[in-house]
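Residues per chain, in single letters:
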Amino acid sequence: MSQHCLSCGACCAAFRVSFYWAETDAHPSGTVPQALTQAISPHHVCMQGTEKNPVHCIALEGEVGKQVSCNIYALRSSTCREFNAGSEACNRARAIHRLPAIAAEN
Ligand code: SF4
Ligand code: SF4
């Protein structure tokens, strides 16, 4: 995780965070607590709180742009794990929260 993320959290409060239902613990090999998700189609769910406005994932603790943490970090979805700090989408989320753009890290 980028050091920037610890004082950001913008991407957890900017987009609908959706993924295949089998990533939830409703499936034997899933991890994301199903209780924290919301069905959005027959085969997909999203993190609760990311399906409405203002967006704020139910698992996000703290204050965006100050200090944040994810309550289910070890159990989070592939959508969360594959989101890259410094990517175009990252900087779009940061801009929504009036945070300056950052560069991608290797
Ligand atoms: S928006 Fe970018 S910097 Fe902020 S938490 Fe997400 S990945 Fe990290
Ligand atoms: S599950 Fe964690 S990493 Fe994923 S959007 Fe919610 S707070 Fe962010």
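Use the structure listed above.
Keep in mind it's a predicted model, so treat the numbers as computed, not measured.

Caption draft 1: Structural detail: the layout of surface pockets. Of the volumes computed, that of the largest pocket is approximately 720 Å³. Taken together, 33 residues make up the lining of the largest pocket; nearest its centre are Cys5, Cys11, Cys12, Arg76 and Cys80. When residues of the lining of the largest pocket are traced back to their parent elements, those giving at least two are helix H1 (3–6), strand E5 (67–70), helix H2 (78–81) and helix H3 (88–96). In the lining of the largest pocket, the residues fall into 23 nonpolar, 6 polar and 4 charged.

Caption draft 2: Quick look at the environment of histidine 43. Residue position: histidine 43 is located in the loop between strand E2 (37–39) and strand E3 (44–47). With a relative accessible area of 46%, histidine 43 lands in the partly exposed category. For the pair histidine 43 and tryptophan 21, spaced 22 residues apart in sequence, the C-alpha to C-alpha distance is 5.6 Å. The residues contacting histidine 43, other than those within four sequence positions of it, are Phe19, Tyr20 and Trp21.

Caption draft 3: Geometry of the pattern of salt bridges. Evaluation of the coordinates by the stated rule reveals 2 salt bridges. Glutamate 88 is paired through a salt bridge with arginine 92; the nearest N and O atoms lie 3.0 Å apart. Of this pair, glutamate 88 and arginine 92 both sit in helix H3, 4 residues apart, which is roughly one turn of the helix. For glutamate 88, a relative accessible area of 57% corresponds to the exposed category.

Caption draft 4: Quick look at the sheet that holds E3. Read from one edge to the other, the open sheet built from 3 strands follows the order E1-E3-E2, with strand pairing classed as antiparallel. What marks the edges here is a single partner per strand, and that holds for strand E1 (18–20) and E2. Recorded for the sheet is a direction-independent mean angle of 35 degrees between the axes of neighbouring strands. Judged from the 3 bridges that link them, E2 and E3 form a sheet pairing that is antiparallel. Opposite alanine 39, over in E3, you have valine 45 as the bridge partner.

Caption draft 5: Focus on the packing of aromatic side chains. One pass over the structure, following the stated rule, counts 2 aromatic pairs. Judged by centre distance (6.2 Å) and plane angle (45 degrees), the rings of phenylalanine 15 and phenylalanine 83 are tilted. With a gap of 68 residues between them, phenylalanine 15 in the loop between H1 and E1 and phenylalanine 83 in the loop between H2 and H3 connect regions that are remote in the sequence. A centroid spacing of 6.3 Å and a plane angle of 55 degrees characterise the contact between tyrosine 20 and tryptophan 21, whose relative ring orientation is tilted. Since its relative accessible area comes to 43%, tyrosine 20 is described here as partly exposed.

The rules behind the values
- Residues numbered from 1 in each chain as written.
- Chains lettered and ligands numbered in written order.
- Predicted model: local features only at pLDDT ≥ 70, side-chain atom pairs only at ≥ 80, totals over all residues.
- Heavy atoms only, no water.
- 1 Å grid on protein atoms, 1.4 Å probe; cavity = no way out; pocket = protein on both sides within 12 Å on 5 of 7 lines; lining within 4 Å.
- Points joined across faces, edges and corners; volume = space filled by probe spheres on them.
- Helix = DSSP H or I, 4+ residues; strand = E, 2+ residues; numbered from the N terminus.
- Nonpolar A, V, L, I, M, F, W, Y, C, P; charged D, E, K, R; others polar.
- Buried < 20%, exposed > 50% of the residue type's maximum accessible area, 1.4 Å probe, protein only.
- Contact = heavy atoms within 4.5 Å.
- Salt bridge = Lys/Arg side-chain N within 4 Å of Asp/Glu carboxyl O.
- Pairing = 2+ DSSP bridges.
- Axes fitted to C-alpha atoms, helices over the stretch in contact; angles between N-to-C directions.
- Phe/Tyr/Trp six-rings, centres within 6.5 Å; stacked < 30°, edge-to-face > 60°.

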